[in-house]
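# Coordinate analysis (summary)
One-letter residues, chain by chain:
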Protein chains: 2
Amino acid sequence: MNWFDEEESPEELGEFGLIERIARLTGSGNTHDSMGIGDDCAVIRNTSNGFATLITTDMLVEGRHFKRNWISAEDLGYTSLAVNISDISAMGGKPRYALLSIGLPGNTDPDWLNGFFGGIKGLCDTHGMKLIGGDTVKSNSVIVNFTVLGSIPEKNILLRSGAKPGDKLGLIGRVGDSGAGLRLLKQSSSPDLPLHRHLISAHNRPTIYVREAIFLAESGFVHSMIDVSDGIRSDAAHIAKQSGAKLTIHTDRLPVSDVLAEVCNAFSWSPEEIALTAGEDYALLFSFHSDREENLKRSFQNSFPDTPFSVIGSVSDGNAGVRFLKNGRNFDPGAHGFDQFKSD
Amino acid sequence: MNWFDEEESPEELGEFGLIERIARLTGSGNTHDSMGIGDDCAVIRNTSNGFATLITTDMLVEGRHFKRNWISAEDLGYTSLAVNISDISAMGGKPRYALLSIGLPGNTDPDWLNGFFGGIKGLCDTHGMKLIGGDTVKSNSVIVNFTVLGSIPEKNILLRSGAKPGDKLGLIGRVGDSGAGLRLLKQSSSPDLPLHRHLISAHNRPTIYVREAIFLAESGFVHSMIDVSDGIRSDAAHIAKQSGAKLTIHTDRLPVSDVLAEVCNAFSWSPEEIALTAGEDYALLFSFHSDREENLKRSFQNSFPDTPFSVIGSVSDGNAGVRFLKNGRNFDPGAHGFDQFKSD
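In this text the structure is predicted, and so the values were computed from the model without any measurement.

Let's shift gears to the overall build of chain A. When helices and strands are tallied, chain A shows 10 helices and 13 strands. Computed over its C-alpha atoms, the radius of gyration of chain A comes to 20 Å, within 12% of the 20 Å expected for a compact globule of 344 residues. Long-range pairs, those at least 24 residues apart, make up 82% of the contacts in chain A with a sequence separation of at least 6. Working note: accessible area of chain A is about 13700 Å², and carbon and sulfur atoms make up 44% of it. In chain A, 32 side chains carry a positive charge and 44 a negative one; their mean positions are 4 Å apart.

All names here are of chain A. Per the domain assignment, the segments of chain A are domain 1 (31-155) and domain 2 (159-338). Taken over C-alpha atoms, the centre of domain 1 sits 23 Å from the centre of domain 2. The interface is formed by 25 residues belonging to domain 1 together with 22 residues belonging to domain 2. Buried surface at the junction of domain 1 and domain 2, both sides included, amounts to about 2000 Å², of which 55% is carbon and sulfur. Taken together, the connections running from domain 1 to domain 2 amount to three salt bridges. In this structure, Asp39 and Arg160 form a salt bridge, with 3.7 Å as the shortest nitrogen-oxygen distance. Summed over the shared surface of domain 1 and domain 2, the number is seven residue pairs in polar contact (both at pLDDT 80 or more). Secondary-structure elements contributing two or more residues to the side of domain 1 that touches domain 2 are α2 (73-90), β4 (94-104) and α3 (110-127).

Here we take up the pattern of salt bridges. Residue and element names in this part refer to chain A. Inspection of the entire model under this criterion finds 25 salt bridges over all chains. With its nearest N and O atoms 2.3 Å apart, the salt bridge here joins Glu20 to Arg21. Exposure remark for Glu20: the relative accessible area of 36% places this residue in the partly exposed category. What makes Arg21 buried here is its relative accessible area of 12%. Residues participating in the shared-partner salt-bridge network are Glu8, Glu20 and Arg21.

Let us look at the sheet that holds strand β7 (residues 168-172) of chain A. All names here are of chain A. Strand order in the open sheet formed by seven strands is β8-β10-β7-β11-β9-β12-β13, and the pairing between neighbours is mixed. A single partner strand is all that each edge strand has here, and the edge strands are β8 (222-227) and β13 (329-330). The sheet contact formed by strand β9 (residues 246-250) and strand β12 (residues 321-326) spans five bridges and is parallel. Each bridged residue has a counterpart across the sheet, and for His250 the counterpart in β12 is Leu325. Together, β8 and β10 (284-288) form the strand contacts of α2, whose direction differs from that of β8 by roughly 165°. Of the strands in this sheet, β7, β8, β10 and β11 (309-316) touch helix α10 (residues 293-303), which is tilted by about 150° from β11.

Glancing now at the environment of A:Asp258. Tracing the sequence through the fold places A:Asp258 in helix α8 (residues 258-267). In sequence terms A:Asp258 and A:Phe341 are 83 residues apart; their C-alpha atoms lie 33 Å from each other.

It is worth spelling out the environment of A:Ser34 at this point. All names here are of chain A. Inspection of the secondary structure puts Ser34 in strand β1 (residues 34-35). Taking the relative accessible area as the measure of exposure, Ser34 reaches 0% and is therefore buried. Through-space distance from the C-alpha of Ser34 to that of Val142 is 33 Å; in sequence the pair is 108 residues apart.

What follows is about the sheet that holds strand β12 (residues 321-326) of chain B. Residue and element names in this part refer to chain B. Spatial ordering of the open sheet is given by β8-β10-β7-β11-β9-β12-β13, a layout of seven strands whose pairing is mixed. The outermost strands of the open sheet, each flanked by one partner alone, are β8 (222-227) and β13 (329-330). Sheet topology note: the strand β7 (residues 168-172)/strand β11 (residues 309-316) ladder contains five bridges and is antiparallel. Following the sheet pairing, Gly170 is matched in β11 by Val311. Running over the sheet, helix α2 (residues 73-90) touches β8 and β10 (284-288) and is turned about 165° from β8. Strands β7, β8, β10 and β11 of the sheet are contacted by helix α10 (residues 293-303), whose axis makes an angle of about 150° with β11.

Chain B puts 73 residues into the contact, and the matching count from chain A is 73 residues. For the pairing of chain B and chain A, the buried interface totals around 5900 Å² over both sides, and the portion due to carbon and sulfur atoms is 65%. Sorting the residues of chain B by area buried against chain A places B:Met59, B:Thr136 and B:Lys138 first, and these three jointly supply 12% of that buried surface. Linking chain B to chain A there are zero salt bridges. Here chain B is connected to chain A by 13 residue pairs in polar contact (both at pLDDT 80 or more).

Let us now look at the UniProt feature "binding site: Mg(2+) 2" (unreviewed entry) in chain A. Summarizing the sequence annotation, UniProt attributes the feature "binding site: Mg(2+) 2" (unreviewed entry) to A:Asp58 and A:Asp87 in the numbering used throughout. Despite a sequence span of 30 residues, these residues sit close together in the fold, their greatest C-alpha distance being 9.7 Å. Relative to the helices and strands, A:Asp58 resides in strand β3 (residues 51-61). A:Asp58 has contacts with A:Val83, A:Asn84, A:Val144, A:Asn145, A:Phe146, B:Ser101 and B:Asp135, leaving out every residue within four places of it along the chain. Within the secondary structure, A:Asp87 sits in helix α2. Given the relative accessible area of 12%, A:Asp87 is considered buried. Excluding residues that lie within four positions of it along the chain, A:Asp87 makes contacts with A:Asp40, A:Cys41, A:Thr56 and A:Asp227.

The next point concerns the UniProt feature "binding site: Mg(2+) 4" (unreviewed entry) in chain A. All names here are of chain A. With numbering matched to this structure, UniProt assigns "binding site: Mg(2+) 4" (unreviewed entry) to Asp40, Thr56 and Asp87. Across 48 residues in sequence, these annotated residues keep their C-alpha atoms within 7.1 Å of one another, forming a single compact spot. Examined against the element boundaries, Asp40 turns out to sit in the loop between β1 and β2 (42-45). By relative accessible area, which is 8% here, Asp40 ends up buried. A distance of 3.1 Å separates polar atoms of two side chains, one belonging to Asp87 and the other to Thr56.

On to the relation of the copies chain B and chain A. Of the two same-sequence chains, chain B is brought onto chain A (RMSD 0.0 Å, axial shift 0.0 Å) by a rotation of 180°. The operation mapping one copy onto its partner corresponds to a two-fold rotation axis. Most of the interface of chain B is mirrored in chain A: 100% of its interface residues are interface residues there too.

Residues and elements named next belong to chain B. One can describe the packing of helix α4 (residues 177-186) onto helix α5 (residues 194-204) by two numbers: an axis separation of 7 Å at closest approach and a directional angle of 110°. Overall, the two elements α4 and α5 adopt an arrangement that is roughly perpendicular. Residues Asp177, Ser178, Ala180, Gly181, Leu182, Leu184 and Leu185 of α4 lie in contact with α5, whose contacting residues are His196, His198, Leu199, Ile200, Ala202, His203 and Asn204.

This part covers α8(A). Residues and elements named next belong to chain A. Buried residues of α8: Val259, Leu260, Val263 and Cys264, and no others. Down the axis of α8, the buried set is contained in an arc of 125°. They therefore lie on one face. For α8, exposure combined with an orientation more than 90 degrees from the buried face picks out Asp258, Asn265 and Ala266. For α8, the elements touching its buried residues are α4 (177-186), α5 (194-204) and α9 (271-277). Within two residues after α8, Ser268 carries a phi angle of roughly 55°, on the positive side.

Cut-offs applied
- Residues numbered from 1 in each chain as written.
- Chains lettered and ligands numbered in written order.
- Predicted model: local features only at pLDDT ≥ 70, side-chain atom pairs only at ≥ 80, totals over all residues.
- Heavy atoms only, no water.
- Helix = DSSP H or I, 4+ residues; strand = E, 2+ residues; numbered from the N terminus.
- Rg over C-alpha atoms; globule rule 2.2 N^0.38 Å.
- Contact = heavy atoms within 4.5 Å.
- Areas by Shrake-Rupley, 256 points an atom, 1.4 Å probe, with all protein chains shown as cover.
- Lys, Arg positive; Asp, Glu negative; His and termini not counted.
- Charge placed at Lys NZ, Arg CZ, Asp CG, Glu CD.
- Domains from an automatic or database assignment.
- Buried area = accessible area lost by both parts, 1.4 Å probe.
- Salt bridge = Lys/Arg side-chain N within 4 Å of Asp/Glu carboxyl O.
- Polar contact = N/O pair within 3.5 Å; in protein donor to acceptor, adjacent residues only side chain to side chain.
- Buried < 20%, exposed > 50% of the residue type's maximum accessible area, 1.4 Å probe, protein only.
- Pairing = 2+ DSSP bridges.
- Axes fitted to C-alpha atoms, helices over the stretch in contact; angles between N-to-C directions.
- UniProt positions renumbered as here; feature names shortened; annotations may be inferred.
- Least-squares fit on C-alpha atoms with pLDDT ≥ 70 in both.
- Parallel < 35°, antiparallel > 145°, perpendicular 65-115°, else oblique.
- Arc of directions from axis to C-beta.

In structure tokens:
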């Protein structure tokens, strides 16, 4: 059977084209007991107790996704697990178990291994998670593949497809710091400047919002959610497409850190462009019942006084897509989101 | 914290030493809700319905575990999923869901992709499984990481640690064909000889025993099980160690195929050595209640008339370990099982 036509190599299709072809394998998608490809996690329903299992998996390859001279072993361990936990959070679930497949060169330094597994152990302990299995293989470069399982009452699952016309759009956390940190790493900027260190750390060891996500899912006021892994432009488009709705985002309401603003000023970078097109911030983008804005925000900030909660836009009827406004005028965020198969 | 001491690089520790260090991360191992590293799968208990979830994951790296000119795309897709299904079978479970992380060069041929996913699709259909998620990344070589979930009534789970003195040892399937096929590939033997093709196919597209494993687990007579992925010598040692028992295996009772015997004769290879030390046959090695031998074997062969069921040894009190006898005399199977970190 042919899922891939002639000329449809991964670099021609791009990441989302490739995933779409693979998804054809699973048939029409959702069945009574599971939901497949197309959201942050796969969902397996457990009809006997009202809970569902969320599962996600993520592969990081040295040289493509990280360089060992750009990130410490501990931060790599932390981050490679954190990005999977963030997928569980994107649907409102509680992370429970992890499996790790790891490819390692035979001569990997024990100090590096201690750092790497220390980063994993610390994050497992923080969230009461357990590493229950995995695989170890020899390889020329480091390859990290985590699979993370979470649980959630089925009624609380937040899908990308749940946004409703009339909803407002909320954002938990900040955006752009990680993308600016990556730019600094790429230009080998002096990392001993404290501001630069702050942004590089946002890239190498991003904050994730586990308890905040559970809070939102349990509130009953949130209709859809995604984590900002590929950039708001790309991730908001997933909500728009899967909800069949039009999203409007006010770029002047994006929560940009003071550090990002200052460094962007020094380099003449556009903070909006970075915030919209660079990924790996792992902020949570969600839509919620507009009548509940005050209620939701107040109760959230009571529980999480240090976590930014921003209202950045709204959902309306219309062609599925995302419109950006800056001070009321149309704004083109520039570069498209990152597609690894279409970039070098 | 230091899990790895100085000089403990992966090649110094070997695969099992590395896994043992990582297992320290999980603390003492088993808790009320899950069992971790040390069996074919991790186990998550679901207290509400008496069922458990089995999970396993496996990474295959091009150049280390396969070469694209040695195995067709379809066989690679089949096998990379099959080895995970076999882990579910090793505990007696029913495979249900798969997640695939795949690293691909950007210019991968669409024909190759069609073959690869065709192999996966065929195996999913055979066993009523569903591909529910995954990740796609760009990489210089092909990397395949499957995670497979299965289900099993908790009372039926077959652990490596369940062997009891007095048990007999059974084997489902044949051993050695896959190892001989790999030898033929390595010496670039002419693959158009039908006998060689048969053995190479046993390596590239191994038979797995899904329904047979469920039958054994449901029989109530089987006490422990493992799949022969690293060779009987190595895998029998896992049962011995984890059960704290002594295993005796009669090498003259090993089910060696006529083809293997003939090819070994032509090359002056020892079929016993290949059968004991080469892996990737995915036969099932298990211990069972000795009083039930006739009953178990008859009912098994009634259900699976074409699948070999061999009684190859016994379990006794004594130092945990494995003893091999050939025609009643001690037999040294030669080379140790494969350890990827200790070999080139």
